[in-house]
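# Inside the fold
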Number of protein chains: 2
Amino acid sequence: MEALSEVSKVQKKMGGSIVSPKGFHAGGVHAGLRYSRKDVGLIYSDVPASSAAVYTLNQFQAAPLKVTQQSLHEAGKLQAVIVNSACANACTGERGLQDAYSMRMLTAKKLQIEETLIAVASTGVIGEYLQMDRIAAGIAEIEFGQSTDDAEGFQTAILTTDTCMKSSCFTASIDGKTVTMGGAAKGSGMIHPNMATMLGFITCDASISTVALKKALKEVTNRSFNQITVDGDTSTNDMVLVMSNGEAGNEELHENHKDWDIFVELLTKTSEDLAKQIARDGEGATKLIEVNVKGALTNEDANKVAKQIVGSNLVKTAIFGSDANWGRIICAVGQAGVEVNVDTVTIQLGETTMLLNSVPQVFSEEDAKKYLESDTIQIFVDLQYGNGVGKAWGCDLSYDYVKINASYRT
Amino acid sequence: MEALSEVSKVQKKMGGSIVSPKGFHAGGVHAGLRYSRKDVGLIYSDVPASSAAVYTLNQFQAAPLKVTQQSLHEAGKLQAVIVNSACANACTGERGLQDAYSMRMLTAKKLQIEETLIAVASTGVIGEYLQMDRIAAGIAEIEFGQSTDDAEGFQTAILTTDTCMKSSCFTASIDGKTVTMGGAAKGSGMIHPNMATMLGFITCDASISTVALKKALKEVTNRSFNQITVDGDTSTNDMVLVMSNGEAGNEELHENHKDWDIFVELLTKTSEDLAKQIARDGEGATKLIEVNVKGALTNEDANKVAKQIVGSNLVKTAIFGSDANWGRIICAVGQAGVEVNVDTVTIQLGETTMLLNSVPQVFSEEDAKKYLESDTIQIFVDLQYGNGVGKAWGCDLSYDYVKINASYRT
């Protein structure tokens, strides 16, 4: 049921990262916010970059997001991002806000740039204050550069319960120039973004207007980061930030530029790749689940159905147990809050059709079980009710999810 | 933060059940739909009873619900309910609908009453057909009476992954007569009702108009059965059914009757009691969680916030692990989709205040841990933003939830 993919002008760059685009540096340091792992990270661009961000819709937005919004509001450009893990600096009131401003100020001092060219992000436990003495020492000490090790220093410093780093890199030819886009992300639990999820940082060397970048980010986020779910909880600290510094030397991109679609595809590929890495590394996950929905009235409806399926605890546990319990999939379709025809639904698990025009099909339980033991599970749903298509990604729900979350703070 | 409860005119009747109201009989039989447990149950009233029901909002409503709707639509009265477990008869198309009609017809024949005086319900695996030969034999064999054993026969026959029977009974003096209300329910997983949850059967001997009963049921369900959640999934088979046969001999109740409020309280107490039993017996649950919200703009908002908190996997796992991670509670408040003031939120766990006017409080982790090891956990949230109050009930998320659901069909 999946369409053949077209030949794409966007190519994956194996081994690439946030320092692959021209003019970007990164680094991470162990500031002592946690026992031994790096916990403060920095991204730096040689020149101010057109920048845009999307933020959590949780009403209790953490302090660093407010500071980042202020930076972006004043300058529309960013040259650096400072990030810490271990403490979310959320629900910390006025003191938390001052701490986030201090992080920005200390970074500005170190880099000798304007404060408003700096974004701030934090991730970790909610409701605790930052240990500012350690943060200050960390910012003073942090080294940054353009090697893979430097990128990995940053990628490590932003992790919490993640079991692995998430990075991505794609290139495309735009306006006759090679444009490179890199990304790093963290996120493992509290993943049900309603905007972004978790933290995502994307660097790019394209020249692009801030307005156009903002629009592209919003559009792409809705069908990538916003289409993953681990546990249905939306964090207070979610943010995806993109910086594009123009070092590739192309003509400035805008929505009517002939290569605009290529840029959007570049951003889509990078975002989807990071989003899928997050879903696969969901807390306790043993499998990545990809849900493909077609035949909905609108794309929005299809996305909603896909996310409802991938977010169902019952679907997630069945997949953990390699049980082809498609009844839970149809149940999720029926509660997604979108209009469907209850007589025309087709459900396919991998290559096996379980439900055809809403009629249960006979299938080999053994084959289905074998498929469900793979590390990537694809669910296809055809509503046969319209032309809307959508996708969502998530993971199975295992004993380890419970284990990790029953004692997160301790 | 909880108000002292007023002296109530409604009294709990210990040991009471669905056969406690005058004129009601019940029974259960092992028809062979599953290995050894009873699997077909019957409730019968000596006379036709004013009846009302609320149904799942899942679009893939199971066949028996359609038959029950048709019965209620035609007669407005019911005299019997026939229920089977093991098979939900959902997503079974035309054949499933015919099977549900056959169940009704076979029961009518046995009881020698009109078909439209009979409601049908099923619960179990979705997408499989009923074994009609066994159902028919079971209906022919089923015995019913007015003893506790008879009630327990019914209560057992409707269970699936439940670990215990759920029953309840309350009495009140209405119009100078003693009115008795009994209830039985099942439900353990796929519990996130958007109307009812699971199956609930309430019997009563009050005389009441069908119109008034319908209104009371809808209103009460919204703040009882609809306020529990186990896993966020809404079943295709949810139904709560109430039958009130008038045998108590009171003057017919209607909304303007002086004792109307007492009847509503009777229904509320019975429904809440059953709802809490279901939440406590949620799949893999070790604790009942009760969330009390006040200070919301409206009662609806307060109910939404309460349900969001009790439905959060992160809150549920923290409580399973006895971890006082209140950050997850505030995070749930912020994503409930209701307007709050982010600076005025107070959160209390048992008697310990964790957040006061949105400022984190110092508390004894040891005391909090000790409280969280109880079998009933109370969370109090005061939004200090309006006069709306609400409650919701759920359970913790344990290893056993995953275990039960990873292999439900096998």
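This write-up is about the structure you can find in this document.

Criteria and cut-off values
Residues numbered from 1 in each chain as written. Chains lettered and ligands numbered in written order. Predicted model: local features only at pLDDT ≥ 70, side-chain atom pairs only at ≥ 80, totals over all residues. Heavy atoms only, no water. Helix = DSSP H or I, 4+ residues; strand = E, 2+ residues; numbered from the N terminus. Rg over C-alpha atoms; globule rule 2.2 N^0.38 Å. Contact = heavy atoms within 4.5 Å. Areas by Shrake-Rupley, 256 points an atom, 1.4 Å probe, with all protein chains shown as cover. Lys, Arg positive; Asp, Glu negative; His and termini not counted. Charge placed at Lys NZ, Arg CZ, Asp CG, Glu CD. Disulfide = S-S within 2.5 Å. Buried < 20%, exposed > 50% of the residue type's maximum accessible area, 1.4 Å probe, protein only. Pairing = 2+ DSSP bridges. Axes fitted to C-alpha atoms, helices over the stretch in contact; angles between N-to-C directions. Parallel < 35°, antiparallel > 145°, perpendicular 65-115°, else oblique. Left-handed = near helix turned anticlockwise from the far one by under 90°. Nonpolar A, V, L, I, M, F, W, Y, C, P; charged D, E, K, R; others polar. Least-squares fit on C-alpha atoms with pLDDT ≥ 70 in both. Buried area = accessible area lost by both parts, 1.4 Å probe. Salt bridge = Lys/Arg side-chain N within 4 Å of Asp/Glu carboxyl O. Polar contact = N/O pair within 3.5 Å; in protein donor to acceptor, adjacent residues only side chain to side chain.

## Overview of the overall build of chain A
Broken down by element type, chain A carries eleven helices and 16 strands. A compact globule built from 410 residues would reach a C-alpha radius of gyration of about 22 Å, and chain A, at 21 Å, matches this within 12%. Taken over the C-alpha atoms alone, chain A extends approximately 70 × 55 × 35 Å along its principal axes. Residue pairs at least 24 apart in sequence account for 81% of intrachain contacts in chain A once pairs closer than 6 positions are excluded. Carbon and sulfur atoms provide 48% of the accessible area of chain A, an area that totals close to 14,900 Å². Between the centroid of the 36 positive side chains of chain A and the centroid of its 49 negative side chains there is a distance of 2 Å.

## Brief notes about the state of the cysteines
Working definition: the covalent bond between the sulfur atoms of two cysteines is a disulfide. Following the criterion strictly, the structure yields zero disulfides over all chains and no others. With no disulfide partner, Cys331(B) has as its closest neighbouring cysteine sulfur the one in Cys91(A), 8.1 Å distant.

## A look at the pairing of strand β5 (residues 118-122) of chain A
Residues and elements named next belong to chain A. Within β5, five of the five residues are buried, leaving the element largely enclosed by the surrounding structure. By the alternation rule, side chains of β5 split into Ile118, Val120 and Ser122 and Ala119 and Ala121, which are all buried. With five bridges connecting them, strand β4 (residues 77-84) and β5 associate as parallel partners. Residue pairing for β5: Asn84 is matched across the bridge by Ser122.

## Here we look at the sheet that holds strand β12 (residues 352-356) of chain B
Residue and element names in this part refer to chain B. Strand order in the open sheet made by the six strands is β13-β12-β11-β14-β10-β15, with mixed pairing throughout. Among the strands making up the open sheet, the edge pair consists of β13 (359-360) and β15 (388-395). Two strands pair when backbone bridges link them, and β12 and β13 are joined in this way by two bridges, in the antiparallel orientation. The residue bridging Leu356 from the neighbouring strand is Val359, located in β13. Relative to the sheet, helix α7 (residues 299-311) contacts β10 (288-296), β14 (376-382) and β15, its axis offset from that of β15 by approximately 20°.

## So, the sheet that holds strand β14 (residues 359-360) of chain A
Residue and element names in this part refer to chain A. Taken in spatial order, the seven strands line up as β9-β16-β11-β15-β12-β13-β14 in an open sheet, and their pairing is mixed. Each edge of the sheet is formed by a strand with only one pairing partner; in this case those strands are β9 (228-229) and β14. Strand direction decides the pairing type here: strand β11 (residues 288-296) and strand β16 (residues 388-395), joined by seven bridges, are antiparallel. By the bridge assignment, Ala296 is partnered in β16 with Gly388. Sheet strands in contact with helix α6 (residues 260-280) are β9, β11, β15 (376-382) and β16, and its direction is about 40° off that of β16. Of the strands in this sheet, β12 (346-349), β13 (352-356) and β15 touch helix α10 (residues 365-372), which is tilted by about 120° from β15.

## Re the packing of helix α2 (residues 93-111) of chain A against helix α3 (residues 132-141) of chain A
Residue and element names in this part refer to chain A. Where α2 contacts α3, the axes come no closer than 9 Å and their chain directions differ by 20°. Taken together, α2 and α3 sit at an angle that is classed as roughly parallel. Two packed elements cross with a definite hand, and for α2 against α3 that hand is right-handed. Here Asp99, Ser102, Met103, Leu106, Thr107 and Lys110 of α2 lie close against α3, whose contacting residues are Met132, Ile135, Ala136, Ile139, Ala140 and Glu141. Of the residues assigned to the contact of α2 with α3, the class counts are seven nonpolar, two polar and three charged.

## Some words on the relation of the copies chain B and chain A
For the match of chain B to chain A, the screw axis carries a shift of 0.0 Å, the RMSD comes to 0.0 Å, and the turn is 180°. The superposition operator between the copies reduces to a two-fold rotation axis. When C-alpha positions in chain B are compared against the rotation axis, the closest is assigned to Tyr399(B), at 2.6 Å. Looking at chain B, 100% of its interface residues are interface residues in chain A too, so the copies touch through the same face.

## Section: the interface of chain B and chain A
For an interface, size is often stated in terms of accessible area lost upon the parts coming together. In this complex, chain B contributes 53 residues to the contact, which on the side of chain A involves 54 residues. Carbon and sulfur atoms supply 55% of the area buried between chain B and chain A, which totals about 4,600 Å² over both sides. The interface formed by chain B and chain A includes zero salt bridges. Remark: the boundary between chain B and chain A carries one residue pair in polar contact (both at pLDDT 80 or more). Secondary-structure elements contributing two or more residues to the side of chain B that touches chain A are α8 (313-320), α9 (327-334) and α11 (399-406) of chain B.

## Observations concerning the pattern of salt bridges
Residues and elements named next belong to chain B. Enumeration according to the criterion identifies 20 salt bridges over all chains in this entry. Residues Lys166 and Asp281 are paired through a salt bridge, measuring 2.5 Å at the closest nitrogen-oxygen approach. Residue Lys166 is found in strand β6 (residues 166-174), and its partner Asp281 is found in the loop between α6 (260-280) and β10; the two are separated by 115 residues along the sequence. No difference in accessibility class separates Lys166 from Asp281, as the two residues are buried. Its salt-bridge partner being Arg223, residue Glu219 comes within 3.5 Å of it at the nearest N-O pair. Of this pair, Glu219 and Arg223 both sit in helix α5 (residues 210-223), four residues apart, which is roughly one turn of that helix.

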